[in-house]
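Spelled out, the chains give:
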Amino acid sequence: MLPETTSYTLQEKSLNTGMKLLTPKPWDTTLSELGEFTECAVGDCYDENSYDAFGSSPHRKETVLGGLPEETLSETPISQERAYRLLHRELQQDTSPKFNLATFASTSMETAATKLIAENLPKNFVDPRAYPATRKLEQRCLRILANLYHRPETDGGHVSGVSTIGSSEAIMLAVLAMKTKWLERQGAGACAKQEQPNLIVSSVNQVCWPKAAKYFGVQLRCVPCSNERFVLDPVRAVDMVDDQTIGICCILGTTYTGEYENVQAVNEILLQRKLRVPIHVDAASGGFVAPFMAPELKWDFQLEQTNLLV
């Protein structure tokens, strides 16, 4: 047990060993008043080199008592290395991304990619005038994807698209784009009628679709799955279409099973019924898999009604 009236500082015991040990220091404040005591594990003992990497002296004494503030800013400053250690420990409580196979998050990344991202973190990507090279790189990526997804040549090769933080932001922009295009098709009377637009998607949609529909005033019509069918039913989906439908979403790799929904079947039924309803393909999971593993599959801009891809 630790004495109730003892604080602890991280001090160097010997320059020869380079080890920092917990040594008692009398104080007026009890441990219970200062908060939970954080032990110094073996991995937290720093030698001279590790301190130099932080740009600080190896002789500095670091208080390891207590933790980071929870509600308000701390009245006393702490060094960057101590802040790093505390945050590092706290974040280690998360599950390792290498074992995360249940979300759209990448589970690993090459060292070169991590280094490149770190080098460009200070840039404000939304300002192409200040960072023209970044903007050009984005346009190159868009053209590469447009060719990969069989986009027909129009407008002198111009590609309409943008990079996003992730598929959730992309879905937001997709719903906004579909609603804007629907308003243009409906003409000036659309707003006067005060009719709510709707979007058709399977019941296994990604969690962001209901959020996007709510944010932009769109009714989400979900095609229910069954015990025998875990993806969108093309016929039932098209049966839900009316004059207020802004689009049908097909998922190329559902969240639960990874199964591809039949985009081509939806496209053919829409053409048969002469319905001008765009198809949006949510390809966050399969967009970089299908072109290489199933090149014969038609789901992208090869289909007449496919209008948007995420």
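Residues numbered from 1 in each chain as written. Predicted model: local features only at pLDDT ≥ 70, side-chain atom pairs only at ≥ 80, totals over all residues. Heavy atoms only, no water.

### Digging into the overall build of the protein
Each helix and strand in the protein was counted, giving 11 helices and 8 strands. Expressed as a percentage of the 310 residues in the protein, the buried residues total 32%. Put simply, of all contacts in the protein between residues at least 6 apart along the chain, 60% involve residues at least 24 apart. Accessible surface, the protein: about 20,100 Å² in total, of which carbon and sulfur atoms supply 55%. (Helix = DSSP H or I, 4+ residues; strand = E, 2+ residues; numbered from the N terminus. Buried < 20%, exposed > 50% of the residue type's maximum accessible area, 1.4 Å probe, protein only. Contact = heavy atoms within 4.5 Å. Areas by Shrake-Rupley, 256 points an atom, 1.4 Å probe, with all protein chains shown as cover.)

### Things to note about a nonpolar patch on the surface
A grouping of Phe-288, Val-289, Phe-292 and Met-293 is seen on the molecular surface, where their side chains present a nonpolar patch of about 480 Å² in accessible area. As for its position among the elements, Phe-288 is in the loop between strand E7 (279-282) and helix H11 (290-293). According to the relative accessible area criterion, Phe-288 is exposed, its value standing at 57%. (Patch = residues over 30% accessible without salt bridge, like charges linked within 9 Å, V, L, I, M, F, W, Y side chains within 5 Å. Salt bridge = Lys/Arg side-chain N within 4 Å of Asp/Glu carboxyl O.)

### Concerning helix H8 (residues 208-215)
Every buried residue belonging to H8 is among Cys-208, Trp-209, Ala-212 and Ala-213, and all of these are buried. The arc that holds the buried residues of H8, viewed along the axis, is 135°, so those residues lie on one side. Exposed positions of H8 whose direction lies more than 90 degrees from the buried face are Lys-214 and Tyr-215. Its buried side turned inward, H8 meets helix H6 (167-186), strand E4 (198-202), strand E5 (219-223), strand E6 (245-251) and E7. (Arc of directions from axis to C-beta.)

### A closer look at the state of the cysteines
Under the defined criterion, the tally for this structure stands at 0 disulfides. Cys-222 provides the cysteine sulfur closest to Cys-225, a residue in no disulfide bond, and the two sulfurs are 9.3 Å apart. (Disulfide = S-S within 2.5 Å.)

### Regarding the sheet that holds strand E8 (residues 306-309)
Taken in spatial order, the 5 strands line up as E5-E4-E6-E7-E8 in an open sheet, and their pairing is parallel. Of all the strands in the sheet, just E5 and E8 have a single pairing partner and so form its edges. Between one strand and the next, the sheet's axes are offset by a mean angle of 25°, whatever the strand orientation. Looking at chain direction, E6 and E7 are connected through 4 bridges and run parallel. Directly across from Cys-250, in E7, lies its bridge partner Val-281. Strands E4, E5, E6 and E7 of the sheet are contacted by H8, whose axis makes an angle of about 150° with E5. (Pairing = 2+ DSSP bridges. Axes fitted to C-alpha atoms, helices over the stretch in contact; angles between N-to-C directions.)

### Here we look at the confidence of the model for the protein
Caution is warranted with low-pLDDT regions, since their predicted coordinates should not be read in detail. Here the protein averages 79 in pLDDT, while 74% of its residues score no lower than 70. Note that pLDDT drops below 50 for residues 1-65; the model gives that stretch 109 contacts with residues more than four away or on any other chain. (pLDDT = per-residue confidence, 0-100.)

### Digging into the pairing of E5
Note that E4 and E5 share 5 bridges and pair parallel. In the sheet register, Leu-199 faces E5, and the bridge partner there is Leu-220. Once the chain exits E4 it traverses H8 before rejoining the sheet at E5, and the crossover so formed is right-handed. (Right-handed = clockwise from strand over helix to strand, strands pointing away.)

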